[in-house]
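In case you want the letters, here they are:
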Amino acid sequence: MSYDYDYIAVWDKVLQSVKAEIGSTSFDIWFPQVKYNTCRNEKIYISVPNTLTKEWIESRYLENMQKTFRDLTQQDINLILTTEPIGKDAYISPLNPKYTFDTFVVGNSNRFAHAACYAVGEAPSRAYNPLFIYGGVGLGKTHLMQAIGHRILANNPKYSVMYVSSEQFTNELIGAIKDDNTPGFRNKYRNIDVLLIDDIQFLAGKERTQEEFFHTFNTLYEANKQLVISSDRPPRNIPTLEDRLRSRFEWGLITDIQIPDLETRIAILRKKAQTDDFNIPYDVLDYIANYIDSNIRELEGALVRLVAYATINDKPLNMATAAEALKDILPPPGPKKITIECIQKEVCKYYDLELSEMLSKKRNKQLVVPRQIAMYICRKLTDASLPLIGDQFGGRDHTTVLHSLDKIDREINEQPELAAVIDQLCKQVDPAYGS
Ligand SMILES: Nc1ncnc2c1ncn2[C@@H]1O[C@H](COP(=O)(O)OP(=O)(O)OP(=O)(O)O)[C@@H](O)[C@H]1O
């Protein structure tokens, strides 16, 4: 047996047996979008819609599914769950219908990026070209990019809009080189009206792909076609990106998405609950939003996990169920205890430092300032005495702490940007700060 259609039939049987085993409620939650994709080198690739589903199935059902598959085929085959498209024609992902401007919540962290994307969606090749969007993992870059695609298509159904991740672009180029069909590849990429290319940082170090992308970029740009590029960092920070590409990315508009504040996180959860018709009390949404603060995908993942848990166990969607369902990823509900350590960690995260550096005796400026800020916040948000703070900062004397507090006090008055950073850090440590 080696044809896809044989394996597809086996896969169907595997699904039937899973359903018989776990019941249709769980099955309908986890399996509707789990599909046979392709067979490559003794491996069967199964597409799953997201990482949460992947992890859930892997940890609970995969072993049995694999066994059933092997029993039915009498072949030593591995099942691989993947969120990436692999199938022969699957290099170009269609747009996700959920990623539109309507479903995107605008807050301070993404207002500018949203406005830029919206303008490009309404006036492709006229507003900003290229448009470069960057921001941390799971903050909405793909969503915004695809929203541009949807809007352009809604206004101009004849446009050919292509969304592709840089990884797919690379894989497809490699495939074309292997099959001696680079003209076909070029033809496809250079005859479109809009190219949305995601996660461009993936091209770092891939010279041949960069070369190809450079020509694709030029051809499209010269033909006045719209380019939208996303990355996890600004062009100047992508290592081993050729200068000629970097400079092209800087020709148009560069816009970033920041980590959302608490209000935006709550608004995103409310919108998601409303769109998916989940009836969840606001205090539960606030609880989730309070603790998951740096990745919207995880924020949504927690919500989905809660709903799945409540459905499977037939429990009400309330705080107690949330605490149970999310106990592995969130601390129990209730006021968060603010400790010196959690302040140190938050400040380290902000300044990209190791905790050990903050507690060390080193006195270079990159360490001294964050250390003094952390001491200042400890004094502000905890009851800790000066000697205790000194002690927990690598055994420093209380006079050192006092000196730090005085210094930051003075600088806050002179430097509004420092005051804003400290304010933001205080909010991160204590979501109730200032309210
Ligand atoms: N402002 C927002 N409003 C509503 N949903 C959002 C918002 N921002 C992000 N999301 C949702 O969060 C999830 C992650 O977003 P997305 O995949 O666009 O992130 P990304 O920045 O492209 O991540 P990566 O760096 O992993 O490529 C998606 O389901 C998206 O719909």
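Every chain is numbered on its own, with residues counted from 1 as its sequence reads. Side-chain atom pairs in this predicted model are given and counted only at pLDDT of 80 or more, local residue features only at pLDDT of at least 70, and totals for whole chains, interfaces and linings cover all residues. Only hydrogens and water are set aside; all other atoms, that is, all heavy atoms of the structure, feed into the side-chain values.

### Considering helix H6 (residues 141-155)
- Note on conventions: DSSP H or I runs of at least 4 residues are helices, E runs of at least 2 residues are strands, and numbering of each starts at the N terminus. Helix span is expected to be 1.5 Å times the residue number reduced by one. Taking 1.5 Å of rise per residue, the 15 residues of H6 would be expected to cover 21 Å, and the 21 Å separating its terminal C-alpha atoms lies within 8% of that figure.
- Each residue's exposure class comes from its accessible area (1.4 Å probe, protein chains only) as a fraction of the maximum for that residue type: buried when under 20%, exposed when over 50%, partly exposed otherwise. Within H6 the residues assigned to the buried category are Lys141, His143, Leu144, Met145, Gln146, Ala147, Ile148, Gly149, Arg151 and Ile152.
- Residues of H6 that are buried make contact with helix H5 (111-122), strand E4 (131-135), strand E5 (161-165), strand E6 (194-198), strand E7 (226-231) and strand E8 (253-257). Note on contacts: a residue pair qualifies if any of its non-hydrogen atoms lie within 4.5 Å across the two residues.

### A few points about the packing of helix H15 (residues 340-351) against helix H17 (residues 365-381)
- Axes here mean lines fitted to C-alpha atoms, for a helix over just the part in contact, with angles spanning 0 to 180 degrees between N-to-C directions. Packing of H15 against H17 brings their axes to within 9 Å, and their N-to-C directions diverge by 145°. Along this stretch, H15 crosses H17, giving a crossing that reads as right-handed. When H15 is examined against H17, the residues Ile340, Ile343, Val347 and Tyr351 are found in contact with a partner set consisting of Pro370, Ile373, Ala374, Ile377, Cys378 and Leu381.
- In this count, Pro and Cys sit with the nonpolar residues alongside Ala, Val, Leu, Ile, Met, Phe, Trp and Tyr, while Asp, Glu, Lys and Arg are called charged and the others, Gly among them, polar. A class-by-class count of the residues in the contact of H15 with H17 yields 10 nonpolar, no polar and no charged. Two helices that cross are described as forming a left-handed crossing if the nearer one is turned anticlockwise from the farther one by less than a right angle, and a right-handed crossing if clockwise.

### A short note on empty space enclosed by the protein
- Using a grid of 1 Å spacing that covers the protein atoms alone, one calls a set of points a cavity when a 1.4 Å probe fits there but cannot get out, and a pocket when the set is open and has protein on both sides within 12 Å along at least five of seven lines; lining residues are those with an atom within 4 Å of a point. Grid points are joined across faces, edges and corners, and a volume is the space filled by probe spheres set on the points. Using the criterion set out here, one finds one cavity of 30 Å³ or more in the structure.
- Reported here for the largest cavity is a volume of approximately 30 Å³.
- For the largest cavity, the full set of lining residues is Val18, Glu21, Ile22, Tyr61, Asn64 and Met65.
- Counting residues per element, the lining of the largest cavity draws most heavily on helix H1 (residues 4-22), at three residues.
- Its residues placed into classes, the lining of the largest cavity shows four nonpolar, one polar and one charged.

### Topic: the state of the cysteines
- Cysteine sulfur atoms are paired as a disulfide whenever they fall within 2.5 Å. Going through the model one piece at a time under the given rule, you end up with zero disulfides.
- With no disulfide partner, Cys378 has as its closest neighbouring cysteine sulfur the one in Cys342, 8.3 Å distant.
- Since its relative accessible area comes to 0%, Cys378 is described here as buried.
- The thiol of Cys426 is not disulfide-bonded; the next cysteine sulfur, from Cys378, is found 9.9 Å away.

### Regarding the pairing of E5
- Counting buried positions along E5 yields four of five residues, so the element is predominantly enclosed.
- Whether two strands pair comes down to DSSP finding at least two bridges between them. Alignment of E5 against E6, held across five bridges, turns out to be parallel. Note that in E6 the partner of Tyr163 across the bridge is Leu196.

### As for the layout of surface pockets
- Taken as a whole, the second largest pocket encloses approximately 1,100 Å³ of empty space.
- Taken together, 35 residues make up the lining of the second largest pocket; nearest its centre are Gln258, Ile259, Pro260, Gln424 and Gln428.
- Counting residues per element, the ones that place at least two in the lining of the second largest pocket are E4, E8, helix H11 (262-275), H15 and helix H20 (416-429).
- Looking at the lining of the second largest pocket residue by residue, the class counts come to 11 nonpolar, 12 polar and 12 charged.

### Quick notes on the nonpolar core
- What is meant by a nonpolar core is a set of buried Ala, Val, Leu, Ile, Met, Phe, Trp, Tyr and Cys residues, joined one to another through side-chain atoms within 4.5 Å. With 29 residues, the main nonpolar core has Ile343, Ile377, Ile389, Phe393 and Ile422 as its most contacted residues.
- Every element with two or more residues in this core is listed here: H15, H17, helix H18 (386-392), helix H19 (398-414) and H20.
- Excluding residues within four positions of it along the chain, Ile389 makes contact with Ile340, Met375, Cys378, Arg379, Ala384 and Val401.
- Core analysis: the next-biggest nonpolar cluster, separate from the first, contains 26 residues, Val14, Val34, Met65 and Ile77 among them.

### Considering H15
- Taking 1.5 Å per residue as the helical rise, H15 with its 12 residues ought to reach 16 Å, and the 17 Å between its terminal C-alpha atoms agrees with that figure.
- Within H15, the full set of buried residues consists of Ile340, Ile343, Gln344, Glu346, Val347 and Cys348.
- Structurally, H15 contributes buried residues whose contacts are with helix H16 (355-359), H17, H18 and H20.
- Positioned one or two residues after H15, Asp352 has a phi angle of 55°, which is positive.

### Some words on the sheet that holds E7
- If you walk across this open sheet you meet the five strands as E5-E6-E7-E4-E8, and the pairing is parallel. The sheet terminates laterally at E5 and E8, the two strands that pair on one side only. The sheet shows a mean angle of 15° between the axes of neighbouring strands, taken without regard to direction.
- With four bridges connecting them, E6 and E7 associate as parallel partners.

### Here we look at the site of the ligand
- The near set for a molecule or strand comprises every residue that places at least one heavy atom within 4 Å of it. Near the ligand you find 18 residues, and of these Val105, Lys141, Thr142, His143 and Glu300 are the closest.
- By the criterion applied in these results, polar contacts are pairs of N or O atoms within 3.5 Å in which, for protein atoms, one can donate a hydrogen and the other can accept it, and in which residues neighboring in sequence qualify only through two side-chain atoms. Here an oxygen atom of the ligand and a side-chain polar atom of His143 are 2.7 Å apart.
- Contact distances for the ligand include 2.8 Å between an oxygen atom and a side-chain N or O atom of Glu300.
- Listing elements by their share of the shell around the ligand, those giving two or more residues are H6 and helix H13 (296-312).
- Considering only residue class, the shell around the ligand consists of seven nonpolar, seven polar and four charged.
- An automatic or database domain assignment supplies the residue ranges for each domain. For the shell around the ligand, the two domains that each supply at least three residues are domain 2 (101-256) and domain 3 (262-326).

All we've got here are geometric facts, nothing functional implied.
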